[in-house]
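Here are the chains, one letter per residue:
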Amino acid sequence: MVTDIQETTLPIDSPAVGRLFTSRPRLLALGEPTHGADRLLVLRNELFRQLVEQEGYRTIALEIDCVRGSLVDDYVTGAGDADAGLDEVMERGFSHEWGAFGANRELVRWMRAYNEDRSGDDRLRFAGFDGPLESTAAASPRQVLTALHDFLADRVDPALLPCTAEVLDGLLGPDDRWTEPAAMTDPARSVGRSAQARELRLLADDLVALLDAQTPRLIAASAPDEWDRARLYGRTATGLLRYHFWMADTSPSRMTWLLGVRDAMMAANLLALAERGPTLVNAHNSHLRRGQSTLRMWDHPVLEWWGAGALVSARLGGEYGFLATAVGTLREQGVDAPPSDTVEGLLYALPEDQVLVDAPRLAAELDGTPPARVSSWYGYAPLDPADLPDVDGIVFVRDVPQQ
């Protein structure tokens, strides 16, 4: 099937990654085929350390709540509450319960230690780039709308504000109206198309418009991080309200809209991070791929939408790089050695425990498109062989041991 697959391989390190690109990507995305595998997270940490020390990367962005991730950024930069310890930061700063992963804890600890004798642009930064969303619920927009309103109220003529804080609070109402888990499967349980929610969408739009219209004044009156956070609050407020609106939809397009809105929020956050400088992004392969994403869930037909990677790549072109991770086995989950004719099977036959593969070169070496691997566990998503020409590199790990 291939002439010499070994010639397409490189070690997994910063210099080898650099050889895959003609210039340093502003966003280097490292995908993962499953969440929470410690070996993959340790590998990510080591690659980030090398990118920091050898390539000038200063930010890492993870697939967690962008607002909660700000708490982690404050901790690693020393800008947060001096009384907040690592345990509290890992609990409050990570969504999806990912603060419990040991490699994530080690990443945060190392970043804070690295920053101890550094300042300004030389400090490492941490970011979440997902919306405040869980698989069964979405957050109330209260936190971000209130924070955005407060930021503006402190810096612009009060007469320009579209509403008072009291009006905003009244329209928001109790937070549990917004976070109702049943709304994910029952649109009737969502508050997203109530009269109050529709009014809040208009107000959020006006608050963001005011943020844009007053940009010179606001930049002059704010520290850079305050300005960045205000823009984050604006993006998140409008995105969350849009997400809640589509949670209340009853049309066949409902899930496609929800998936698309989530990834559009991710993409907007990644583009903002790209303005800051070279950033390593870590998330599931499905969010970072350049092609259209597909998913089958519940009784829906196959859903199609453009993921964050596709949206960002369309904007940044060659300044977006994508490394897709694949594994040979996850035996504790029943994922045994891959069939020899799949991409994973070809890589599994190599002698190395882990390797970086020049994906376009591998695609050119293959005699046709190999069959796709079928996973026996829902939590692992194999590579789609059709994606190879649009992947810059494959990070392959032969065996992911039991944790």
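Reading the values: rules and limits
Residues numbered from 1 in each chain as written. Predicted model: local features only at pLDDT ≥ 70, side-chain atom pairs only at ≥ 80, totals over all residues. Heavy atoms only, no water. Core = buried A, V, L, I, M, F, W, Y, C linked by side-chain atoms within 4.5 Å. Buried < 20%, exposed > 50% of the residue type's maximum accessible area, 1.4 Å probe, protein only. Helix = DSSP H or I, 4+ residues; strand = E, 2+ residues; numbered from the N terminus. Axes fitted to C-alpha atoms, helices over the stretch in contact; angles between N-to-C directions. Parallel < 35°, antiparallel > 145°, perpendicular 65-115°, else oblique. Left-handed = near helix turned anticlockwise from the far one by under 90°. Contact = heavy atoms within 4.5 Å. Polar contact = N/O pair within 3.5 Å; in protein donor to acceptor, adjacent residues only side chain to side chain. Phe/Tyr/Trp six-rings, centres within 6.5 Å; stacked < 30°, edge-to-face > 60°. Lys NZ or Arg CZ within 6 Å of the ring centre and 35° of its normal. Nonpolar A, V, L, I, M, F, W, Y, C, P; charged D, E, K, R; others polar. Pairing = 2+ DSSP bridges. Salt bridge = Lys/Arg side-chain N within 4 Å of Asp/Glu carboxyl O.

The name given to the chain in an unreviewed UniProt entry is Erythromycin esterase family protein, with Promicromonospora aerolata as the source organism.

(A) Layout of the nonpolar core. Of all hydrophobic cores here, the largest spans 83 residues; its most connected members are Phe126 and Ile394. In this structure, Trp178, Ala183, Leu241 and Tyr243 belong to the second largest nonpolar core, which totals 46 residues.

(B) Representation of unusual backbone geometry in the model. Of note, His96 is a non-glycine position whose phi angle comes to about 60°, a positive value. Along the chain, His96 turns up in the loop between α4 (86-92) and α5 (102-115). Taking the relative accessible area as the measure of exposure, His96 reaches 18% and is therefore buried. Backbone geometry at Glu97 places phi at a positive 65°, although glycine is not the residue there. You can see Glu97 is positioned in the loop between α4 and α5. What makes Glu97 exposed here is its relative accessible area of 69%.

(C) Broad picture of the packing of helix α6 (residues 142-153) against helix α10 (residues 224-247). Where α6 meets α10, the closest approach of the two axes is 8 Å, and the angle between their N-to-C directions is 140°. Considering their axes alone, α6 and α10 lie oblique with respect to each other. The way α6 lies across α10 gives a crossing that is left-handed. When α6 is examined against α10, the residues Val144, Leu145, Ala147, Leu148 and Phe151 are found in contact with a partner set consisting of Glu226, Trp227, Ala230, Tyr233, Gly234, Thr236, Ala237, Leu240 and Leu241.

(D) Just the environment of Ile64, in detail. Its place among the elements puts Ile64 in strand β3 (residues 59-65). It is 15 Å that separates the C-alpha atoms of Ile64 and Ala264, two residues lying 200 residues apart in sequence. Not counting residues up to four positions away in its chain, the partners in contact with Ile64 are Gly69, Gly93, Phe94, Ser95, His96, Trp98, Phe126, Gly128, Phe129 and Asp130.

(E) Just the side chain of Ser293, in detail. Following the sequence through the fold, Ser293 ends up in strand β8 (residues 292-295). Among the polar contacts listed, one links the side chain of Ser293 to the backbone oxygen of Ser286, at a separation of 3.0 Å. Look past the residues within four positions of Ser293 in its chain and what remains in contact with it is Ser286, Leu303, Glu304, Trp305 and Gly307.

(F) The packing of aromatic side chains, seen in detail. Summed over all chains, the structure comprises seven aromatic pairs. One aromatic cluster is present, built from ring pairs that chain together Phe48, Trp110 and Tyr114. The ring of Tyr348 has Arg398 sitting right over it, with the charged end atom 3.9 Å from the ring centre.

(G) Spotlight on the side chain of His287. Inspection of the secondary structure assignment puts His287 in helix α12 (residues 285-288). Residue class for His287 comes out buried when judged on its relative accessible area of 8%. Ignoring any residue separated from it by four or fewer positions in sequence, one finds His287 in contact with Glu63, Arg262, Asp263, Met266, Gly307, Ala308 and Gly309.

(H) View of the packing of helix α3 (residues 66-77) against α5. Interaxial distance between α3 and α5 falls to 7 Å at its minimum, and their mutual angle equals 40°. The angle between α3 and α5 falls in the class oblique. Here Val72, Tyr75, Val76 and Thr77 of α3 lie close against α5, whose contacting residues are Val108, Met111, Arg112 and Asn115. Here the residues of the contact of α3 with α5 sort into five nonpolar, two polar and one charged.

(I) Highlighting the pairing of strand β2 (residues 27-32). Judged by how many residues are buried, β2 sits mostly within the fold: six of six residues are covered. The alternating pattern of β2 places Leu27, Ala29 and Gly31 and Leu28, Leu30 and Glu32 on opposite faces, both of which are buried. Pairing of β2 with strand β7 (residues 279-284) involves six bridges; the strand directions are parallel. Each bridged residue has a counterpart across the sheet, and for Ala29 the counterpart in β7 is Val281.

(J) Inspection of the sheet that holds β7 at higher detail. In spatial order, the strands read β1-β11-β12-β10-β2-β7-β3-β4; together these eight strands make up an open sheet with mixed pairing. The outermost strands of the open sheet, each flanked by one partner alone, are β1 (9-10) and β4 (125-130). Of the strand pairs in this sheet, strand β10 (residues 320-329) and strand β12 (residues 393-399) are connected by six bridges, and their pairing is parallel. Among the inter-strand pairings, Ala326 is bridged to a residue of β12, identified as Phe396. Sitting on the sheet, α3 is in contact with β3 and β4, with an inclination near 175° to β4. Relative to β10, helix α13 (residues 308-316) is tilted by about 145°, and along the sheet it contacts β2 and β10.

(K) Spatial organisation of the pattern of salt bridges. Under the counting rule described, the total for this entry stands at 27 salt bridges. Linking Arg26 and Glu319 is a salt bridge whose minimum nitrogen-to-oxygen distance equals 3.0 Å. With Arg26 in the loop between α1 (14-19) and β2 and Glu319 in the loop between α13 and β10, this residue pair connects regions lying 293 residues apart in the sequence. Between Arg125 and Asp225 there is a salt bridge; the shortest N-O distance is 3.4 Å. Of this pair, Arg125 sits in strand β4 while Asp225 sits in helix α10, placing them 100 residues apart in sequence. Accessibility expressed as a relative area gives 10% for Arg125, which makes it buried. Among the ionic contacts, a cluster of salt bridges with common partners joins Asp73, Asp74, Arg125, Asp225 and Arg229.

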